[in-house]
Amino acid sequence: MAAAGPSVFLLMVNGQVESAQFPEYDDLYCKYCFVYGQDWAPTALPLASVSRVDGGAGAEEGPWTVTRTEERRQHGDKGLEEGISQITSKSQDVRRALVWNFPIDVTFKSTNPYGWPQIVLSVYGPDVFGNDVVRGYGAVHVPFSPGRHKRTVPMFVPESTSKLQKFTSWFMGRRPEYTDPKVVAQGEGREVTRVRSQGFVTLLFNVVTKDMRKLGYDTGPPDTQGASGPSPPQGLPP
Amino acid sequence: MNPKEEKVKIITEEFIENDEDAGVGRQKKTPKVARQKRKKRLPTTGPEEMVSENPHFNQQEPVQEDSDTRPLSMTSRRGPRSLPPIPSASRTGFAEFSMRERMREKLQAARSKAESTLLQEIPTPRPRRLQSPSEKELETEFGTEADEEVQRTQKEDDSQSYSRVKFCDSVRKIKPKPPVPPGFPSAEEAYNFFTFNFDPEPEESEEKPKAKNRDGTNQEEEEGEEEEPPVQEHKMDEEELLSAKDDEDFLLGLDHAAEDFVVVRPADYESVHVRLQMEKELLFVPSRLTVPTYKKLPENVQPRFLEDEGLYAGARPEVPRACQNIMENRLLTQEPGRKWFGDDGKILALPNPTKGFPSRPPVLTQEQDIKAELETLYKKAVKYVHRSQHMIGSGDPSGNFQLDIDISGLIFTHHPCFSREHVLAAKLAQLYDQHLARQQRNKAKFLTDKLQALRNAVQTELNPAKPHKSLDTTQKAINEYKSEIRQTRKLRDAEQEKDRTLLKTIIKVWKEMKSLREFQRFTNTPLKLVLRKEKVDQKTDEEAYEAEIQAEISELLEELMEEYERKMEGYRAAYQQWKAWKKAQRAKKKKKKQEHPDEEMEEPYPGEEPVKPVPPEPTDRALVEQQVRERAARSRRRPGEPTLVPELSLAGSVTPNEQCPRAEVLRREDVKRRSIYLKVIFNDKEVSRTDSRPLGADFRVHFGQIFNLQIFNWPESLMLQVYETIGHSGTTLLAEVFLPIPETTIVTGRAPIEEVEFSSNQHVTLDHEGVGSGVPFSFEADGSNQLILMTSGKVSNGVAWAIGENGIPLIPPLSQQNIGFRSALKRADAISSIGTSGLTDLKKLAKWAAESKLDPNDPNNAPLMQLISVATSGESYVPDFFRLEQLQQEFNFVSDEELNRSKRFRLLCLRSQEVPEFRNYKQIPAYDREIMEKVFQDYEKRLRDRNVIETKDHIDTHRAIVAKYLQQVRESVINRFLIAKHHFLLSDLIVEEEVPNISSEGSGILGLSLFKLAEQKRPLRPRRKGRKKVTAQNLSDGDIKVLVNIIRAYDIPVRKPTASKFQQPSRSSRTFSEKRAASPTAHSPTHSADYPLGQVLVRPFVEVSFQRTICHTTTAEGPNPSWNEELELPFRAPNGDYSTTSLQSVRDDVFINIFDEVLNDVLEDDHERGRGIHTHIERHWLGSVKIPFSTIYFQAKIDGTFKIDIPPVLLGYSKERNLMIERSFDSVRSLSEGSYITLFITIEPQLVPGESVREKFDSQEDEKLLQATEKFQTECALKFPHRQCLTTVTDISGKTVFVTRYLKPLNPPRELLDACPSSPQATAELLDYFLFKQELVARYVSLIPFLPDTVSFAGICDMWSTSDQFLDLLAGDEEEHAVLLCNYFLSLGKKAWLMMGSAIPEGPTAYVLTREQSHYLIWNPCTGHFYGQFDTFCPLKSVGCLIGPDNIWFNIQRYDSPLRINFDVTKPKLWKSFFSRSLPYPGLSSVQPEELIYQRTDKAAAAELQDRIEKILKEKIMDWRPRHLTRWNRYCTSALRHFLPVLERSQGEDIEDDHRAELLKQLGDYRFSGFPLHMPYSELKPLTEAVYSTGVHNIDVPNVEFALAVYIHPYPKNVLSVWIYVASLIRNR
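Fair warning: this is a prediction, and the values are worked out from it, not measured in the lab.

**Here's the deal with unusual backbone geometry**
Residues and elements named next belong to chain A.
Right, on to step 1. Despite not being glycine, N101 has its phi angle at roughly 50°, a positive value.
Right, on to step 2. With respect to the helices and strands, the residue N101 is situated in strand β5 (residues 98-110).
Right, on to step 3. By relative accessible area, N101 is classed as partly exposed at 41%.

Set out below in structure tokens:
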């Protein structure tokens, strides 16, 4: 890098899709991907973030698109900033939590905070007939400031356009879905849709930034300083 | 620990130690330790303590271990005697240390023996001592013996280090202690003392030799060590004094020597107390006690209470005292604890944020039974706005408020019924009132007193009794006084004069009245004026008068003297001036006289001659006196004259009616008939009215009523309306009286009765004595001196706030007041929020704020303070302009120019605007300096060149103009629809199953779809499912692929055997009819004989190139190869933009090239043939199919058989088929010329083509016609939804035009027709002639370049240009070609129609149908080819409608394939016509021009272009062969160039053999492969692409030579036909 200073800043995000609260549904899995602006590019990508899901009943249809890791890597620029989690069942305790603890680990580089990455989540699960249907979409920005952040994302699904449609879609197990989950990270065109709230997904982010301040962006807590906290014991005082 | 056990150990140790000779010092030490241990234990002989100590004792052990390297045996014995844990204990120190210990141990042993005996004697537990923490810590230092070794490993914990540190501390503390506390008179003490003294001596003796051996660095350390043990001992000794019976231990333990090795250890148990102690160390329990204030504040700071200083401090939230104390204690223990405390010594806290009262308005609970409450109540609808703005704010405590209005009475100061006397009486009363008021104020007296005081002051000042004052100040003061005196005097005089005048007037009016009474001989009013005379003492009065006058005179004189002085001064100056002037004048005159004595008279004075100043008159005292006296006489009571005091009384009697004249009686009766009442209007609503009271003869009405107004809101207005009723006739509104709304301080009982005047402007004329109102009347008999009086009067009333039961005034809250008072807008006003009203001027406000000393800390005042700070800082000026975004400037952090100069900002802006160049710019650099200037170059160039025509890219000027024009049209159209692109539909965003539609055939009704559920998952006969479509918004490079499935080909040209060099040219005589019939007889069977049987005719393979990516199939054999291979080509969108618009404008073509693979044996030597095969692969281009990407994109898939575009001359190949082989097949197949290839092309994933924007365009068509078109189209769509029906189209200006207007006979270029041979005579020949003409025309049309609308106007709409526009633009798609061709055909006298249908590969397209005598011909306008109706290879697959110049016919036949339909449009059952009997053709005028004018194309320009193209192509070929030498064979090139015009003339047909013969003649010794390419000219790029796709340049045979020739044939209107001949030559050896 030139001595003049950095020309990009880096944003490293790791963390996990921790758990979800979907009071009515069980056996859910989730998919995530990132949406970011034109000035952003993922740099280092986790290699094992795509876990192969066991197909089950609806394997040949529905969103069981297994990311073709090798192909993607060949194509290079697109990257692997997406993943599909395992299927989780509700916990038997009162919390009724759906825990995935599905890791997120991605690093972006960018020249411009405009188009700050958003994580887009989509949750799927089987319905009464065993069809795999979507249970929620949601998106949230990756936290701006370095540190540990917890985010609870409310989830929603698009509604059917009519009662009849609703019935048939329920019956056929083909609920309305977004053409692309990334739509939920954008504002454009949302006015034509109607959605229903579904549940919550809790995300944990650990955010590290580099050179943001050097490029003139101050995002709260100093990112140049090391982690605060007590210094490790230095041994015995004399 | 069991004491017994311990003893045992000690003894054993002792025993062993005796054997050892080494350690003397050690002995010294050990006893001490043992002693310590005992000491400690003994005090806590309670069983629980003894045990619980153990774990702590052992904490030190590991440290010892670290520093200890003694043998294991020793450890086992000596370990228990734990050393004092010195962290820095070194190994060297240990030796002597242990010796000392041993010494000590010995002594200890003896002592402990004694102790233990004692202990046995006294078995009772010792009383427990209170242990100080330090003691406790010490205790832990000295481990007990038994379980140490076991526990050593177990009990290492963190507290170790802690206790160690503690230990050090305690040691330090102990150090300075005096060795022995004096005087303890026990035996033990004596013993201890003895031992103590004994200790240090051997230590010292030991140490000395040791110290010598060591290096100096260690010395200090040692000393530390040495010192410590004794010190500890002192401590212990002290303790021992309390419990000193250790001797017992020693004796008891004697028997159990062996037990030393077996560790028996009780279970660990920590007593509650110990645990508590431990917890105390770890836990912190804050005290609940109040923290003294001084702790919370920095030293020497007194607590400061803001409230006491008068500053605002909000109420603190309620926190229990105990909690506060705990928190404070907690905070104080923390390091910067004090920062949490404020100046007042309390924890910092924000004011209590909770509101004191509930936000919800309380429900007015009233004692009512439920039924009544539930009853419906009619309420008149009220205007919401009006209501709400005065509603009590929800935050205010609401309630009923009461305003008491006391209307006591009404007095008319004038009334129409007033008689003249009344008028005078009213006047008199008024004057009297005035007089009374003046009297009350008594201004004259006040001023007189003031004057007197001032005079006295002057006197005292002048008195020289005060010498200390400087003369100056005195003088100054006097002067001031004097001026004041003057002022006051003037004022007093004026006042006195007024008083006197008023008195005079009163008397005058009274006199008038008296005279009037006398005159009319009756009295109407009881008014009576009495002038009371007050006698005054004449003498004193006179004296005072005189003194006053004298004083005045003297003052005046003084004044005048001053004036005189001043004037004199001025006079003197002026006189001097004048004198000087005079002198000068005289001198001048004198001079003049001498010179021109006779001119004297003519000489005028040059300037104004200064007037000689007149000296001022000195003041005359007498004169002054006279003036003064005059004035005094005028304004003052004469001395001795009695003071007149007028008194008005109503004592007079009114003449009774019977004594009055009739007119007066009438008047009085009229008055009696009248009655008055008042209405009380509150907030413009009548709330109450008084009783109607008759008007009294004195024109007074008494009401005496009090109205209690129950109100909710602050009153906005309060008004009384005065109504007069005359008899029974009716009421008239006399006047409106506005009452002021009382101040909040005015409550009932305190309210004064006020009189509010009113007046009316009504005009009343009465026929009796009443003077009327608004009409002139006069007192004089002659009617002069007229008066006009209006009805007026006074209402005496009192308005006050009522007082509630509990004495609280029922006043609406203050905050509401202003809202009500002004308008609801003021609610947000900062000023009104604090309850100050009427301060709208900011400056006044600031002044007020400064005066009222608002507390700036009070949050209530916050908005005001801000306002004031703005106001006082002078920033609040009122601008005289209006700014829409007044804050914009605040956000401008740099100037606009600077912002625009920033490259990065510019880039961001352009990207945001979706400028094509930047739409997909990724990673805009963070700094300006990293942005290259060239980024903008293209864009700027484009902007610059918008109007400049560039000829560099376009070799031919005309094309450049056209291209520019097209570009502009395109841009404007794109801009128009850019917004529409961002318009989303539900289907764009959400994938949803379609509504099961009953009418739709495919998905069927719901029931059917339910049946689907029952279907098997894997049916035996799977049905094809539609592919999922992908909207092209989230794609990126590599996501899209073009799949090309090459199935098979027919009639590939075959190689000609090289042997048959000279073929007989046999085709020249071929007739036109033959061509049309496409007769197979043309192929003479003789050729087939040339092929030796078994030889491979051709080895074709297919190469597909798209966007410079090339894929090819395997090689098949024979002229009818079958590949059945799928090729996959990646697709890259321009600029990485995968939006629909971008994809639509992709202009790349898919080239499908067919090559022949030729294997050449390169071996020169036949001898090597057995050993290896050396062949060289050559590939020869045979032909190509070109399919634009846009077609694939819109069609989603292309499936069919296509004619291969084979060059007219393919050297070395012939299309003749081997009839022997293919005869049987031939006969079945339709007989058509050319080679064909069957393809299937699609895009994976399937993209959703952009919907064309459905937009209503303007139209100049008749509204009826438009309605008809809509009707027609819906009808057609209902019957055959998939058939294309076209009635209206959009022209290039965006207007809807009826389609038939485009069709009109238009003349083809004349020279085109001239070229054909003269019309033959015979009829058969005539037909051919016509067909030939048609072909020529079609060819001409096909030479106009093809440019799809979707490319030019991306996805927006299909635009039709008229034929002249089309020819000008020289670009258009199928419609334009078809329209032009159709028009030409019409002009040639043919019956021709535009045929809308779908074809492969184009999809929906337009063809031209012509009717020959017996059959129909289908023309493809873009290629110029024509097909018979029954030609299976006709690309047109379905026919939707036919369009003629005067009608439209929609195909309503069952089938739409041209093969199966009847083209007879006259049959209404087969063709539904638009214009029919019900709607006759209205005779629409055409949009086409009358005639097309063709310019002859400049031949020279064409020739120049030809040269340039040739040059460029040659360069390109060399570029494409970067690693090889490209040699050009000039000879061959010239031969080819010569040959191309021939090809053009013959239109590329039937000359192959001649050509080849000729070439062979010329290039006999070359192996030659090459072909001419023919295409219309639009741009250079398609030409190079075409050349590239042939792959001629790919030959890498070493000695290859190339030949390239270009020929351009110009047609009229700049239509250019380009021929490119490319060939490669290899010399035959």
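**Some details on helix α2 (residues 163-172) of chain A**
Count 3.6 residues to each turn of an α-helix, and residues three or four apart come out pointing the same way.
Residues and elements named next belong to chain A.
Right, on to step 1. Buried within α2 are the following residues: Q165, T168 and S169. Along the axis of α2, the buried residues cluster in a sector spanning 100°; they form a single face.
Right, on to step 2. Phi turns positive, to about 70°, at G173, one or two residues after α2.

**Quick look at the pattern of salt bridges**
All names here are of chain B.
Right, on to step 1. Within this structure, the stated rule accounts for 34 salt bridges over all chains.
Right, on to step 2. Of the charged contacts in the structure, one is a salt bridge between E555 and R489, with a shortest N-O distance of 2.6 Å. Here E555, found in helix α23 (residues 538-595), pairs with R489, found in helix α22 (residues 471-520); they are 66 residues apart in sequence, far enough to count as distant. You'll find E555 and R489 in the same group, each marked buried.
Right, on to step 3. Each of the salt bridges in this network shares a partner with another, and the network as a whole consists of R486, R489, E555 and E559.

**Here's the deal with the sheet that holds strand β13 (residues 792-801) of chain B**
Residues and elements named next belong to chain B.
Right, on to step 1. Spatial strand order, β7-β1-β13-β10: 4 strands in an open sheet with antiparallel pairing. Looking at strand neighbours, the two that pair on one side only are β7 (700-711) and β10 (754-759), the edges of this open sheet. In this sheet, neighbouring strand axes are inclined to one another by 25° on average, regardless of whether the strands run parallel or antiparallel.
Right, on to step 2. In this structure, strand β1 (residues 401-414) lies alongside β7, joined through 10 bridges in antiparallel fashion. Directly across from I411, in β7, lies its bridge partner R700.

**A word on the environment of A:E18**
Residues and elements named next belong to chain A.
Right, on to step 1. When you line up the elements, E18 lands in strand β1 (residues 9-21).
Right, on to step 2. Residue classification places E18 among the buried residues on the basis of a relative accessible area of 14%.
Right, on to step 3. Distance from E18 to T152, taken between C-alpha atoms, is 9.8 Å for residues 134 residues apart in sequence.
Right, on to step 4. Once residues within four sequence positions are removed from consideration, E18 is found in contact with L98, V99, W100, N101, K150, T202, L203 and L204.

**Some remarks on the packing of aromatic side chains**
Right, on to step 1. Scanning the model with the defined rule gives 43 aromatic pairs over all chains in all.
Right, on to step 2. Measuring from ring centre to ring centre gives 4.7 Å for A:W116 and A:F144, while their planes differ by 45°; the resulting arrangement is tilted. Linking A:W116 in the loop between β5 and β6 (118-126) with A:F144 in the loop between β7 (132-141) and β8 (147-158), this pair joins segments that are 28 residues apart in sequence.
Right, on to step 3. An aromatic cluster is built from A:F9, A:Y32, A:F34, A:Y36, A:W40, A:F102, A:F108, A:W116, A:F144 and A:Y217, whose rings are joined through pairwise contacts.
Right, on to step 4. Lying across the ring of B:F936, B:R906 places its NZ or CZ 4.4 Å from the centre.
Right, on to step 5. The ring of B:Y927 has B:R929 sitting right over it, with the charged end atom 4.3 Å from the ring centre.

**Points about the side chain of B:E1376**
Right, on to step 1. Secondary-structure assignment places B:E1376 in helix α47 (residues 1374-1387).
Right, on to step 2. Discounting chain neighbours no more than four positions away, the residues touching B:E1376 are B:M1359, B:W1360, B:S1361 and B:F1366.

**Re helix α32 (residues 903-912) of chain B**
Residue and element names in this part refer to chain B.
Right, on to step 1. Residues of α32 that are buried include every one of R904, L907, L910 and R911, and no others. In an axial view of α32, the angular spread of the buried residues amounts to 130°, which keeps them on one side of the axis.
Right, on to step 2. Where α32 is buried, its residues touch α33 (934-944).
Right, on to step 3. E914, located one to two residues past α32, shows a positive phi value of around 60°.

**Topic: the confidence of the model for chain A**
Residue and element names in this part refer to chain A.
Right, on to step 1. Per-residue confidence for chain A gives a mean pLDDT of 77; residues scoring 70 or more make up 75%.
Right, on to step 2. Across residues 45-79 the pLDDT falls below 50, and counting only partners more than four positions away or on other chains, this stretch makes 59 contacts in the model.
Right, on to step 3. Low confidence marks residues 223-238, where pLDDT is under 50. Its contacts with residues over four positions away, or in another chain, come to 6 contacts.

**Re the pairing of strand β8 (residues 718-726) of chain B**
Residues and elements named next belong to chain B.
Right, on to step 1. Taken across its 9 residues, β8 has 8 buried, putting it largely inside the fold.
Right, on to step 2. Summarising the sheet, strand β4 (residues 674-682) and β8 pair through 9 bridges and their orientation is antiparallel. Bridge pairing links L678 to V722 in β8.
Right, on to step 3. Here β8 runs beside strand β9 (residues 730-738); their pairing, made up of 8 bridges, is antiparallel. Across the sheet, the residue bridging to Y723 is L733, located in β9.
Right, on to step 4. The hairpin formed by β8 and β9 contains 3 residues between the paired strands, and G727 there has a positive phi angle of roughly 60°.

**Some points on the side chain of B:H414**
All names here are of chain B.
Right, on to step 1. Within the secondary structure layout, H414 lies in strand β1.
Right, on to step 2. On the basis of relative accessibility, which here comes to 2%, the residue H414 falls in the buried class.
Right, on to step 3. Non-local contacts of H414, meaning those with residues more than four positions away in its chain, are made with V423, V771, G772, S773, L789, M790, T791 and S792.

**A closer look at the nonpolar core**
Residue and element names in this part refer to chain B.
Right, on to step 1. Ranked by internal contacts, the top residues of the largest apolar core, which has 75 residues, are I1046, F1131, I1152, I1237 and I1620.
Right, on to step 2. Ranked by residue count, the leading element in this core is helix α48 (residues 1499-1520), at 6 residues.
Right, on to step 3. Among residues more than four places away in sequence, those in contact with I1152 are I1046, V1102, E1103, V1104, G1183, S1184, V1185, I1187, I1237, L1239 and I1241.
Right, on to step 4. Grouped together as the second largest cluster of nonpolar side chains are 54 residues, L1306, L1312, L1343 and C1382 included.

**Here's the deal with the sheet that holds strand β25 (residues 1236-1244) of chain B**
Residues and elements named next belong to chain B.
Right, on to step 1. One open sheet accounts for 4 strands, arranged β20-β16-β25-β23; its pairing is antiparallel. Across the chains shown, the open sheet's two edge strands, defined by having one partner strand only, are β20 (1122-1130) and β23 (1197-1203). Recorded for the sheet is a direction-independent mean angle of 15° between the axes of neighbouring strands.
Right, on to step 2. Relative to β25, β23 is paired through 7 bridges, and the arrangement is antiparallel. Its bridge partner lying in β25, I1198 is registered against I1241.

**Notes on a nonpolar patch on the surface**
Right, on to step 1. Taken together, the side chains of A:V128, A:F129, A:F167 and A:W170 define a hydrophobic patch exposed on the protein surface, amounting to about 420 Å² of accessible area.
Right, on to step 2. A residue is classified by how much of its surface remains accessible, and A:V128, at 68% relative accessible area, is exposed.

**A look at the packing of α32(B) against α33(B)**
Residues and elements named next belong to chain B.
Right, on to step 1. Look at α32 against α33: their axes get within 11 Å of each other, and the N-to-C directions meet at 50°. In terms of their interaxial angle, α32 and α33 are classed as oblique. Between α32 and α33 the crossing geometry is left-handed. On α33, the residues touching K903, R906, L907 and L910 of α32 are V935, F936, Y939 and E940.
Right, on to step 2. By residue class, the composition of the contact of α32 with α33 is 5 nonpolar, no polar and 3 charged.

**A closer look at the pairing of strand β32 (residues 1403-1411) of chain B**
Residue and element names in this part refer to chain B.
Right, on to step 1. The buried count for β32 comes to 7 of 9 residues, which makes it a mostly enclosed element.
Right, on to step 2. Judged from the 9 bridges that link them, strand β31 (residues 1391-1399) and β32 form a sheet pairing that is antiparallel. Pairing of M1396 across the sheet is with A1406, part of β32.
Right, on to step 3. The hairpin turn running from β31 into β32, its antiparallel successor, is 3 residues long.
Right, on to step 4. Here β32 runs beside strand β33 (residues 1416-1419); their pairing, made up of 4 bridges, is antiparallel. Within β33, the position partnered with R1411 by the bridge is Y1416.
Right, on to step 5. Counted along the chain from β32 to the antiparallel partner β33, the turn is 4 residues long.

So, how was this worked out
Residues numbered from 1 in each chain as written. Chains lettered and ligands numbered in written order. Predicted model: local features only at pLDDT ≥ 70, side-chain atom pairs only at ≥ 80, totals over all residues. Heavy atoms only, no water. Helix = DSSP H or I, 4+ residues; strand = E, 2+ residues; numbered from the N terminus. Buried < 20%, exposed > 50% of the residue type's maximum accessible area, 1.4 Å probe, protein only. Arc of directions from axis to C-beta. Salt bridge = Lys/Arg side-chain N within 4 Å of Asp/Glu carboxyl O. Pairing = 2+ DSSP bridges. Axes fitted to C-alpha atoms, helices over the stretch in contact; angles between N-to-C directions. Contact = heavy atoms within 4.5 Å. Phe/Tyr/Trp six-rings, centres within 6.5 Å; stacked < 30°, edge-to-face > 60°. Lys NZ or Arg CZ within 6 Å of the ring centre and 35° of its normal. pLDDT = per-residue confidence, 0-100. Core = buried A, V, L, I, M, F, W, Y, C linked by side-chain atoms within 4.5 Å. Patch = residues over 30% accessible without salt bridge, like charges linked within 9 Å, V, L, I, M, F, W, Y side chains within 5 Å. Areas by Shrake-Rupley, 256 points an atom, 1.4 Å probe, with all protein chains shown as cover. Parallel < 35°, antiparallel > 145°, perpendicular 65-115°, else oblique. Left-handed = near helix turned anticlockwise from the far one by under 90°. Nonpolar A, V, L, I, M, F, W, Y, C, P; charged D, E, K, R; others polar.

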